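Chain by chain, the residues:
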Amino acid sequence: MALPLLSRSLAGLLVESSSITHQRTFSVSAVAAAIQKMTRVRVVDNSSLGNTPYHRAPRVIHVYTQNGIGKVGDKVLLAIKGQKKKALIVGHKMPGDRMTPRFDSNNVVLIEDNGNPTGTRIKVPIPTHLRKHEGEYSKVLAIANAFV
Amino acid sequence: MRIEKCYFCSGPVYPGHGMMFVRNDCKSFRFCRSKCHKNFKKKRNPRKTRWTKAFRKASGKELTVDNALEFEKRRNMPVKYNRAIWDKTVEAMKRVEEIKRKRQARFIMNRLKKGKLLEKEEAITEVKKNIHLIRAPHAGKAKQLEAKMVQKLQEDVDMADEDL
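Residues numbered from 1 in each chain as written. Chains lettered and ligands numbered in written order. Predicted model: local features only at pLDDT ≥ 70, side-chain atom pairs only at ≥ 80, totals over all residues. Heavy atoms only, no water.

Residues and elements named next belong to chain A. Within the sequence span of helix α3 (residues 134-142), burial applies to Tyr137, Val140 and Leu141. On an axial view of α3, the arc spanned by its buried residues comes to 95°, and they lie on one face. Those residues of α3 that are exposed and angled more than 90 degrees off the buried face are Gly135 and Ala142. On its buried face, α3 is in contact with β3 (75-80), β4 (83-91) and β6 (107-111). (Buried < 20%, exposed > 50% of the residue type's maximum accessible area, 1.4 Å probe, protein only. Helix = DSSP H or I, 4+ residues; strand = E, 2+ residues; numbered from the N terminus. Arc of directions from axis to C-beta. Contact = heavy atoms within 4.5 Å.)

The next thing to look at is the packing of aromatic side chains. Taken as a whole and assessed by the stated rule, the structure comprises eight aromatic pairs over all chains. The interplanar angle of 25° and the centroid separation of 6.4 Å between the aromatic rings of Phe21(B) and Phe29(B) together place this pair among those described as stacked. The pair formed by Phe21(B) and Phe29(B) is uniform in burial state, with each residue classed as buried. The residue whose ring lies beneath Lys86(A) is Tyr64(A), and the NZ or CZ to ring-centre distance is 4.7 Å. Here the basic side chain of Lys35(B) rests over the ring of Trp51(B), its NZ or CZ set 4.0 Å away from the ring centre. (Phe/Tyr/Trp six-rings, centres within 6.5 Å; stacked < 30°, edge-to-face > 60°. Lys NZ or Arg CZ within 6 Å of the ring centre and 35° of its normal.)

Here it is, written out as structure tokens:
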């Protein structure tokens with residue numbers, strides 16, 4: 001009685017697992033979510049797009065990772081002043097890895113499609129563990145004033 | 001690698017320990033353990049929380065101005081590497097640490113000496129107040145009276161001698 005049930009459930013599982021490998025699952029745990037869609041962020045560089053006031057705060061509309069969670073060093077798509085712009089996450093409120101600082105706000109640096117920063121200076125402290133992506137974000141690190 | 005100081009308790013934060021928090025005014029705070037972090041989040045003032053070094057220094061319970069403490073201050077000028085300087089610095093560090101500990105201990109001992117004097121005075125006043133528990137009220141009165149009479153008689157004799 002139990003065996004055929006077991007075998008049927010096993011078969012079901014096998015089918016499911018094969019379909020899951022072709023899907024991209026999104027993170028469903030709210031606990032592990034740092035920056036996701038619809039989070040309001042703070043732009044910390046001195047670009048005009050980031051600093052001119054608008055009646056709506058800049059929001060994340062897409063996170064470029066496998067699951068939709070953005071941590072420090074991930075790229076996101078922002079909606080600012082009615083336009084879309086890519087950005088790099090440089091700090092979030094959620095406690096991250098050991099030996100990485102926690103920030104008081106979700107900080108973001110505006111970036112072009114090729115990875116060049118839009119602004120010319122970043123006054124807010126940037127975590128030093130971004131340096132391991134030296135190749136991609138070297139220009140962003142170059143315009144940063146303070147490291148933490 | 002650098003051993004930082006905890007913002008709240010001023011204890012050492014070794015690498016791999018504690019937490020760092022960066023505020024929106026770009027000031028960074030390091031904490032050695034969650035105790036200090038939680039107190040910080042409760043907005044407690046370290047200068048008023050009795051167990052912190054900040055409180056002890058602010059209320060004069062510990063050595064604050066001393067030459068031995070100048071060595072700990074952070075310098076932002078890097079020194080050019082020189083092997084001799086490196087070796088000497090290590091030895092100097094050991095000696096300075098020794099001297100610092102002795103001075104701090106002496107400071108605290110001096111502070112606590114006053115307590116001993118006060119204690120002694122307190123003990124004396126207590127004994128005087130409660131002497132009736134130890135000695136009967138009219139214990140030596142008879143002998144005292146006798147001694148006084150003897151003294152008076154002696155004085156009379158002396159005066160009589162002078163007159164003569």
